[in-house]
Structures are given as C-alpha cells and as structure tokens.
Amino acid sequence: MRRKLIVVSNRGPVRVARDGSVHRSSGGLATALRSLLQHQDVTWIASATTEGERALAGETLQQENYRLRLVAHDAQAYDWYYNVVANPMLWFVQHSLWELAYTPKVDAAFHRAWRDGYAAVNEGFARVVLAELEHEPEAAVFFHDYHLYLAPKLVRQGCPDSTLMHFVHVPWPQPDCWRVLPRAMRCAIHEGLIANDVIGFHTERWRSNFLYSTRELLGEDVTQKTVTAPISVNPAEFAELAQSDPVLAAEREIVGKRPEKLVVRVDRTDPSKNIVRGFRAFELYLDAHPEMHRRVRMLALLDPSRQDIPEYAEYLGAIERESRRVNDRFQQDDWTPIELRIEDDFPRSVAAYKQFDVLLVNAIFDGMNLVAKEAPLVNARDGVVVLSENTGAHAELGEWALTVNPFDVEGQGEAIHQALTMDAGERQRRLEAIRTHVRTHDVNEWLDLQLAALNRVATTARR
Ligand code: F6P
C-alpha cells in the first residue's frame with residue numbers, strides 16, 4: 001500500500017550547493033531512506049545546512065519522486081544543536097565515548113546549548129511538521145535519529161491524533177550511561193521518544209536497553225511500541241555501482257599498486273569507529289609476522305566528518321599521527337604499510353570493497369555499520385570480515401565473520417593473521433553466507449518491518 005509519509009531527519013537526501021546544483025547526500029540514513037521514495041508518497045523535512053539550501057528554505061521543492069522542505073534554523077541555534085549537543089554529547093553518550101574522569105562538562109554553556117540550541121531546533125522542526133500535517137492530516141510522521149528526540153512530543157501536543165514513528169540509528173546504551181546528563185535532560189529525551197507510536201532499533205540489544213532505561217528513568221513500559229528492524233542496503237544498487245566507470249577506474253588504480261594482500265577499512269573519521277586502535281592492531285600484526293612485510297598493506301579510506309567539533313578534529317589528528325608512527329617504523333623502499341586517504345570518495349570505497357582480503361570493522365560501538373554489509377556484496381577475492389562484537393551488524397553477520405573485541409588490539413592483530421591464512425574454501429563459504437543474508441534481508445525488509453508496525457498501530461487506533 002502506498003502511504004503518505006512525512007520523513008523528518010537532520011540531513012536530507014540531497015545537498016544543494018551554493019550554485020544551486022543538487023548532490024546526493026552520503027551516509028547510511030540518507031541512502032537507506034532513498035529506497036522509501038520509490039514506493040511511498042513522501043514529503044521529506046530536513047535542515048538547510050548550506051547557503052544554497054538556506055535560500056530555498058520555506059518552499060516545498062518538488063523533486064523527481066518526493067517533495068523536499070528545508071528548515072532554516074538560526075545559525076547560532078543550529079551550531080549549539082549539532083556541534084555541542086547532538087554531536088558530541090548525545091553521540092558520545094550513545095557510543096560510550098566519554099572519559100568520565102575528565103569529560104563531559106555539563107556547564108552553563110551546555111545548559112544554554114541544550115535550551116537555545118537542541119530544544120529550539122527541535123521546536124523548529126515540530127512547527128514545520130505541524131504545518132505539514134495541517135495540509136496532510138492522514139500522513140504518518142517518520143522521525144530519524146538522535147538529533148530529533150524532543151520533536152515527537154511537541155508534535156503530539158500540537159496534533160494528538162497524529163501517527164508518529166521514530167527510528168534510532170545509533171546504539172541505545174544502558175540506563176546508567178544516560179546519567180551523564182542531568183535528570184531533566186535525560187527524562188526529556190525519553191519522554192520525547194515515547195510520544196511516538198512506534199520506536200525502531202537495529203537490534204534486540206539496543207531495543208532492550210531502551211526498554212530498560214525507559215523503565216528506570218520514567219517508570220514506563222513501552223514494549224508494545226518498540227520494533228527491531230536492522231537497516232540494510234539495496235544489493236542491486238551495489239551490483240550496478242561495482243561495474244560503473246568511476247568504480248572501475250578507481251579499482252584499476254588500487255590493483256595497479258596493491259601488494260599481495262590488502263586489509264581495507266572504510267569509515268567516517270569518527271572516534272566511535274576506533275581507527276587509531278585499528279592501526280595499532282595492524283602494527284602488532286606486522287610485529288608478529290615479519291614474513292608479511294612488503295606483502296601486505298592496510299588501505300584506510302576515511303571520510304572527514306564533523307570537523308567543526310573539537311573532539312572530531314583532534315581525533316583526525318590522532319589518526320594521522322598513528323598511521324605515520326606505524327609507517328615510520330616499518331616503511332621500506334617502495335612499501336608503505338598503511339595507505340591513509342582522508343577524502344569523501346565513494347567510488348574509491350566501492351573499488352576497495354571489491355579488492356579486500358580482510359575488511360576491518362572494529363568500531364567501539366556502532367548502531368549497525370553498513371560497510372560490513374556493503375563490502376561483501378561486491379568483493380571479488382573471497383575476503384574475510386573482521387567484525388567488532390559491538391556493532392549492530394554483528395548480531396546478523398557475526399557467525400560468518402571473525403569476531404573481535406574493539407579494545408583488544410592484540411586480538412585484532414591475531415584476527416588479521418587468522419583471516420589472511422584462512423583456507424580458500426572457508427573464506428568462500430563465509431563470504432557467500434554473508435552475501436546471501438544481506439540479499440535476503442535488504443533495505444526493503446527494513447522499511448517493511450517498520451511499515452508493518454505502523455499498520456498495527458493504525459489498526460489498533462481504529463478499533
Ligand atoms: O549513524 C548515524 C548517522 O546519522 C548515519 O546514518 C550517517 O551516516 C551519519 O550518522 C552521518 O552523520 P552526519 O549527518 O553528522 O554527517
């Protein structure tokens with residue numbers, strides 16, 4: 001059934017540049033939601049983040065198969081919302097990244113950023129959603145992620161009969177992790193979310209943590225409202241991409257200079273991705289296996305992310321320092337053990353997906369991690385996935401990957417060795433099993449699970 005949906009997310013499906021040209025947004029959320037546009041009647045509400053977008057805010061922009069409404073927030077409010085509260089505070093709480101003896105500081109500046117930034121931007125989003133619901137009262141609202149925890153309650157207050165759904169793309173931690181935030185803030189987050197009719201998580205682990213923290217903090221049991229729906233990818237899109245000219249050109253370059261074995265990682269430069277420990281693990285592997293010097297390289301393709309936030313800028317510095325340190329130790333003539341590229345180059349990432357012998361995904365915590373699903377689909381070398389036990393993807397793919405603890409660099413080094421010495425039949429069996437799983441549990445299944453939950457709500461409301 002084609003239904004009317006109002007999708008609300010901070011980042012929209014496209015980015016409008018200063019010159020008016022339109023580009024596809026990268027990132028798992030935007031990519032996954034694009035599949036929704038093919039089958040549903042969608043109005044998408046997102047933040048205006050560039051000069052070009054701010055100029056278009058307020059209008060409804062008719063795109064090929066959906067309508068786009070961009071919300072221009074006050075620049076200072078947006079900075080507090082995105083750069084102080086959502087990332088890093090909420091992101092760090094949800095990925096357990098704070099070093100609690102030192103950080104974070106919940107000082108007057110943070111209280112102001114919460115009130116005049118996070119709450120104000122959420123109010124801005126809620127106003128636009130309510131205006132949209134006046135035109136389309138039968139549309140269901142589909143909120144996304146940690147940027148928008150307060151908006152659903154505001155929409156519920158303004159339009160009590162509305163149908164609201166929220167998908168949380170990041171891990172949900174244990175209740176005590178939320179105690180980093182003062183009571184009023186952590187309760188507002190939980191109250192905002194439970195104003196939805198349906199709340200979705202990638203895994204049972206994140207869903208049960210949410211139920212636990214809602215019981216702890218609010219004394220509420222919202223089991224009936226929650227759904228587990230692991231996000232996925234569109235396999236046909238990757239099959240096509242793998243044969244596209246830009247990917248084939250990037251692949252020729254990789255093949256032209258690759259050594260015998262390639263360990264690949266593809267990530268945003270985010271502290272949750274655990275890139276520095278990944279380099280340390282590779283160093284330990286090289287220490288233990290001098291016979292592999294000159295025969296193996298780690299190719300790290302990293303998309304620079306959230307660089308206006310000091311914690312992220314510092315982490316990027318740490319990534320560069322650590323790779324240089326390892327390279328300085330082992331470099332010989334024309335062999336550099338780590339090739340580090342800090343750029344947003346999706347075709348090169350897909351080319352690297354085709355060429356990996358080992359894919360390293362060692363995230364500290366990760367809601368899902370789509371790289372672990374995308375790369376095996378197009379890999380041409382019976383590559384092995386080394387996968388952190390703290391990724392959502394591990395709940396689905398763990399049995400066919402080599403499981404690592406993200407803090408155990410020794411174990412990660414050993415896993416690289418195990419992957420590189422695994423016999424061909426075993427590698428092929430594991431890779432094929434991952435592919436079959438991803439093909440049969442694709443992004444449409446993710447959407448169907450949530451729409452089915454929404455239909456259940458609608459049916460109950462009619463009774
Ligand atoms: O993991 C959550 C998420 O929203 C992803 O869906 C997306 O890839 C990433 O964060 C993007 O973050 P940002 O919008 O800050 O670049």
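Examining unusual backbone geometry
Consideration 1: In this model, Asn-87 is joined to Pro-88 through a cis peptide bond whose omega is 15 degrees.
Consideration 2: Considering the arrangement of structural elements, one finds Pro-88 in helix α3 (residues 75–94).
Consideration 3: Of note, the amide linkage connecting Thr-103 to Pro-104 takes the cis form, showing an omega dihedral of 0 degrees.
Consideration 4: Within the element layout of this structure, Pro-104 appears in the loop between α3 and α4 (108–135).
Consideration 5: The residue Ser-96 is not glycine, and still its phi comes out positive at about 55 degrees.
Consideration 6: Within the secondary structure, Ser-96 is located in the loop between α3 and α4.
Consideration 7: By relative accessible area, which is 37% here, Ser-96 ends up partly exposed.
Consideration 8: We note that Asp-333 has phi near 40 degrees; this positive angle belongs to a residue other than glycine.
Consideration 9: Position of Asp-333 relative to the elements: it lies in the loop between α11 (310–330) and β13 (338–342).

Some thoughts on the domain arrangement of the chain
Consideration 1: Segmentation of the chain into domains returns domain 1 (4–232 + 444–462) and domain 2 (235–440).
Consideration 2: For domain 1 and domain 2, the distance between their C-alpha centres works out to 30 Å.
Consideration 3: With 26 residues of domain 1 at the contact, the number on the domain 2 side is 26 residues.
Consideration 4: Carbon and sulfur atoms make up 61% of the surface buried where domain 1 meets domain 2, a total of about 1900 Å² over both sides.
Consideration 5: Of all residues in domain 1, Trp-91, Arg-205 and Ser-232 give up the largest surface area on contact with domain 2, accounting jointly for 21% of the area buried on that side.
Consideration 6: The interface formed by domain 1 and domain 2 contains 1 salt bridge.

Quick notes on the environment of Arg-215
Consideration 1: As for its position among the elements, Arg-215 is in helix α7 (residues 204–218).
Consideration 2: Separated by 25 residues in the primary sequence, Arg-215 and His-190 have C-alpha atoms spaced 9.9 Å apart.

A closer look at the site of the ligand
Consideration 1: Around the ligand, the surrounding shell consists of Arg-11, Gly-27, Gly-28, Leu-29, Tyr-82, Trp-91, Asp-145, Val-170, Arg-268 and Arg-306.
Consideration 2: In this structure, Arg-11 approaches the ligand through a side-chain N or O atom, which is 2.7 Å from an oxygen atom.
Consideration 3: In this structure, Asp-145 approaches the ligand through a side-chain N or O atom, which is 2.9 Å from an oxygen atom.
Consideration 4: In isolation the ligand has 390 Å² of accessible area, and contact with the protein removes 83% of it.
Consideration 5: Taken together, the elements giving at least two residues each to the shell around the ligand come down to α1 (28–39) and α3.

Here we look at the sheet that holds strand β8 (residues 163–167)
Consideration 1: Taken together, 8 strands build an open sheet; the order of strands is β5-β6-β4-β1-β7-β8-β9-β10 and the sheet is mixed. Because the sheet does not close on itself, it has two edges, and the strands there are β5 (60–62) and β10 (226–228). Neighbouring strand axes in the sheet, compared pairwise and without regard to direction, differ in orientation by 20 degrees on average.
Consideration 2: Pairing between strand β9 (residues 198–201) and β10: 3 bridges, direction parallel. Bridge pairing in β10 places Gly-200 opposite Val-227.
Consideration 3: Set on the sheet, α1 makes contact with β1 (4–8), β4 (41–47) and β7 (140–144); between it and β4 the angle comes to about 155 degrees.

Section: the layout of surface pockets
Consideration 1: Estimated volume of the second largest pocket: approximately 460 Å³.
Consideration 2: Taken together, 16 residues line the second largest pocket, and the ones lying closest to its centre are Phe-92, Leu-97, Glu-99, Pro-271 and Tyr-315.
Consideration 3: Mapped by element, the contributors of at least two residues to the lining of the second largest pocket are α10 (275–288) and α11.
Consideration 4: No other element matches α11, which puts 4 residues into the lining of the second largest pocket.
Consideration 5: Mapped onto the domain boundaries, the lining of the second largest pocket takes at least three residues apiece from domain 1 (4–232 + 444–462) and domain 2 (235–440).

Some points on the packing of helix α12 (residues 346–355) against helix α13 (residues 371–378)
Consideration 1: The interhelical angle for the contact between α12 and α13, taken along N-to-C directions, is 65 degrees, at an axis separation of 7 Å. Note on packing geometry: the crossing formed by α12 with α13 is right-handed. Here Val-350, Tyr-353 and Lys-354 of α12 come into contact with α13, specifically with Val-371, Glu-374, Ala-375 and Val-378.
Consideration 2: Its residues assigned to classes, the contact of α12 with α13 shows 5 nonpolar, no polar and 2 charged.

Some words on the packing of aromatic side chains
Consideration 1: Summed over all chains, the structure comprises 17 aromatic pairs.
Consideration 2: Look at Tyr-81 and Tyr-118: their rings are 6.0 Å apart centre to centre, the planes differ by 25 degrees, and that puts the pair in the stacked class. With Tyr-81 in helix α3 and Tyr-118 in helix α4, this pair connects stretches of sequence that are 37 residues apart. In this structure, Tyr-81 and Tyr-118 share a single accessibility class: buried.
Consideration 3: Between Phe-238 and Phe-346, the ring centres sit 6.3 Å apart and the planes meet at 80 degrees, which makes this aromatic pair edge-to-face. With a gap of 108 residues between them, Phe-238 in helix α8 (residues 235–242) and Phe-346 in helix α12 connect regions that are remote in the sequence.
Consideration 4: Taking relative accessible area as the criterion, Phe-238 reaches 2% and is therefore assigned buried.
Consideration 5: Each residue in the set Tyr-78, Tyr-81, Tyr-82, Trp-114 and Tyr-118 is aromatic and connected to the rest through ring pairs, giving one cluster.
Consideration 6: One residue, Arg-306, lies across the ring of Trp-91, its end atom 4.2 Å from the ring centre.

Rules used throughout
Residues numbered from 1 in each chain as written. Predicted model: local features only at pLDDT ≥ 70, side-chain atom pairs only at ≥ 80, totals over all residues. Heavy atoms only, no water. Helix = DSSP H or I, 4+ residues; strand = E, 2+ residues; numbered from the N terminus. Buried < 20%, exposed > 50% of the residue type's maximum accessible area, 1.4 Å probe, protein only. Domains from an automatic or database assignment. Contact = heavy atoms within 4.5 Å. Buried area = accessible area lost by both parts, 1.4 Å probe. Salt bridge = Lys/Arg side-chain N within 4 Å of Asp/Glu carboxyl O. Near = heavy atom within 4 Å. Polar contact = N/O pair within 3.5 Å; in protein donor to acceptor, adjacent residues only side chain to side chain. Areas by Shrake-Rupley, 256 points an atom, 1.4 Å probe, with all protein chains shown as cover. Pairing = 2+ DSSP bridges. Axes fitted to C-alpha atoms, helices over the stretch in contact; angles between N-to-C directions. 1 Å grid on protein atoms, 1.4 Å probe; cavity = no way out; pocket = protein on both sides within 12 Å on 5 of 7 lines; lining within 4 Å. Points joined across faces, edges and corners; volume = space filled by probe spheres on them. Left-handed = near helix turned anticlockwise from the far one by under 90°. Nonpolar A, V, L, I, M, F, W, Y, C, P; charged D, E, K, R; others polar. Phe/Tyr/Trp six-rings, centres within 6.5 Å; stacked < 30°, edge-to-face > 60°. Lys NZ or Arg CZ within 6 Å of the ring centre and 35° of its normal.

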